[in-house]
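Structure assessment
If you want the building blocks of each chain, they are given just below.
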Amino acid sequence: MKGLQKKISGSGIKYLVVDSGWYKKPEDDWWATIGDCNVNEGLFPNGIKEMCDMIKSYGLIPGIWFEFEKVAWLADLYNETDHLLKRDGVPLSVDGQRFLDMRDSWCIDYLTEKVINFLRDNGFGYIKIDYNDTIGVGCDGAESLGEGLRQAVLGTQSFFKKISDELPELVIEGCSSGGHRLEPSMMELVSQASFSDAHECMSIPLIAANVQRFIRPEQSQIWAVLRAGDDIHRINFSLTAGFLGRLCLSGEIFDLNDECWDNALNAISFYDKIKGVIKNGKTTIIDTFVGDYNNPQGYQAVLRECSNKALLIVHTFENGASPHIDKYLNGWSVADTFGSELDGDFRGKAFLLTK
């Protein structure tokens, strides 16, 4: 961890986020113990605040992953059935997971201690709130299952607001399997949201472009997962996909060779030049000729315009003949570029355009 912090310090990266597993019981899998939110003393023998302080010492803001509305079968909270959602009087269980009743004041008090106070006491500045199951058609507690579902969702939204009210400087990321929290009322409560779990699929630029029709790119966090075994073109393909929203780095950052890490640093510098277009611009063209997302062929071009600047992002896929970008310029001039030449399969290149 210390080596990673040292490597990314001064790179332009702002947040370093600890993913799931920080709470797991030593003998159990991370998935099986979601819910109790107790720091694993084996992973953090001196407490997790020591890690947060270390992250801050490198000029970074510490963040952490939570999935606080759910409890897994090996969590102690799993048996607190008086405070869990039910259907027909039976605790609502999905794939070994149960769900806190976010209408219940006991649950809100529990989460205030386990989430809000935890974040405050340890100095976190970022939270990733995940949610990876569905309770289905609804739950008990109202005149219909559907009304129970509506009330439960409002309970969740109320707690999101409570987090913001008590920790106004905290950056909140929303996340969910299937993207079912990428809807307006939830997006209003978060700074950004993970757009998809297709991080390492070759279709990631296609999905990222589609999501621009649904949520604002400034809120669409896109993971560029960089692997030590990736060649420079694969690295650039991932990084340029990240320019379709908010760039997030993941993967084997510490093990990248010098060429690939230098390119990642160049991507961060380029992103700094284009972030105003991402935030304030309007996507005017999404041009794609791909029919099969599992085996994409051809190319995609996305143009986003903002006053006297624009951003053109082009990806080639299998048999992706080099596209003629001139047809997308229409009076724009190329001021800067990042990425690979578009003369092969699975290449990515971004163009900063000016008038």
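These lines cover the structure that appears in this document, whether it is placed above or below.

**Side note on the pattern of salt bridges**
Under the definition given, this model contains 17 salt bridges. Measuring nitrogen to oxygen at the nearest pair gives 3.0 Å for the salt bridge that ties E67 to K70. As far as the burial class goes, E67 and K70 line up, both buried. In this structure, a network of salt bridges that share partners links the residues E67, K70 and D133.

**Examining the side chain of T240**
Secondary-structure assignment places T240 in helix 7 (residues 232-242). Separated by 2.9 Å, the side chains of T240 and H315 make a polar contact. Setting aside residues no more than four positions away along its own chain, T240 makes contact with I313, H315, F338, G339, G348, K349 and A350.

**Observations concerning helix 7**
Of all 11 residues in helix 7, 10 are buried, a share of seventy percent or more. Buried residues of helix 7: I232, R234, I235, N236, F237, S238, L239, T240, A241 and G242, and no others. Looking at where helix 7 begins, the residue whose side-chain oxygen comes 3.1 Å from the main-chain nitrogen of H233 is D231.

**Considerations on the sheet that holds strand 13 (residues 299-306)**
Pairing between the strands of a sheet comes from backbone hydrogen bonds, and it takes one of two forms, parallel or antiparallel. Read from one edge of the open sheet, five strands run 12-13-14-16-15, paired in antiparallel fashion. The open sheet has two free edges, formed respectively by strand 12 (282-288) and strand 15 (333-339), since each of these has just one partner strand. Taking the axes of each pair of neighbouring strands and ignoring which way they run, one obtains an average angle of 15 degrees across the sheet. Relative to strand 13, strand 12 runs antiparallel, the two being bridged by six bridges. Bridge pairing in strand 13 places T288 opposite Q300.

**Quick look at the pairing of strand 11 (residues 246-251)**
The sheet contact formed by strand 10 (residues 220-226) and strand 11 spans six bridges and is parallel. The residue of strand 11 that forms the bridge with W223 is C248. The β-α-β motif built from strand 10, the intervening helix 7 and the parallel element strand 11 has right-handed crossover chirality.

**Side note on the side chain of D101**
Examined against the element boundaries, D101 turns out to sit in the loop between strand 6 (97-99) and helix 3 (105-122). Only 2.8 Å separates the side chain of D101 from the side chain of R103, close enough to count as a polar contact. What D101 contacts, discounting residues up to four positions off in sequence, is H83, L84, L85 and C107.

**Topic: unusual backbone geometry**
Here S307, not a glycine, exhibits a phi torsion of approximately 55 degrees, which is positive. Secondary-structure assignment places S307 in the loop between strand 13 and strand 14 (309-316). Note on S307: relative accessible area 69%, which makes it exposed. Although it is not a glycine, N319 adopts a positive phi angle of roughly 55 degrees. Within the fold, N319 resides in the loop between strand 14 and helix 9 (326-329). N319 gets classed as exposed once you look at its relative accessible area, which sits at 53%.

Calculation criteria
Residues numbered from 1 in each chain as written. Predicted model: local features only at pLDDT ≥ 70, side-chain atom pairs only at ≥ 80, totals over all residues. Heavy atoms only, no water. Salt bridge = Lys/Arg side-chain N within 4 Å of Asp/Glu carboxyl O. Buried < 20%, exposed > 50% of the residue type's maximum accessible area, 1.4 Å probe, protein only. Helix = DSSP H or I, 4+ residues; strand = E, 2+ residues; numbered from the N terminus. Polar contact = N/O pair within 3.5 Å; in protein donor to acceptor, adjacent residues only side chain to side chain. Contact = heavy atoms within 4.5 Å. Pairing = 2+ DSSP bridges. Axes fitted to C-alpha atoms, helices over the stretch in contact; angles between N-to-C directions. Right-handed = clockwise from strand over helix to strand, strands pointing away.

That's the geometry; what it means functionally is another story.
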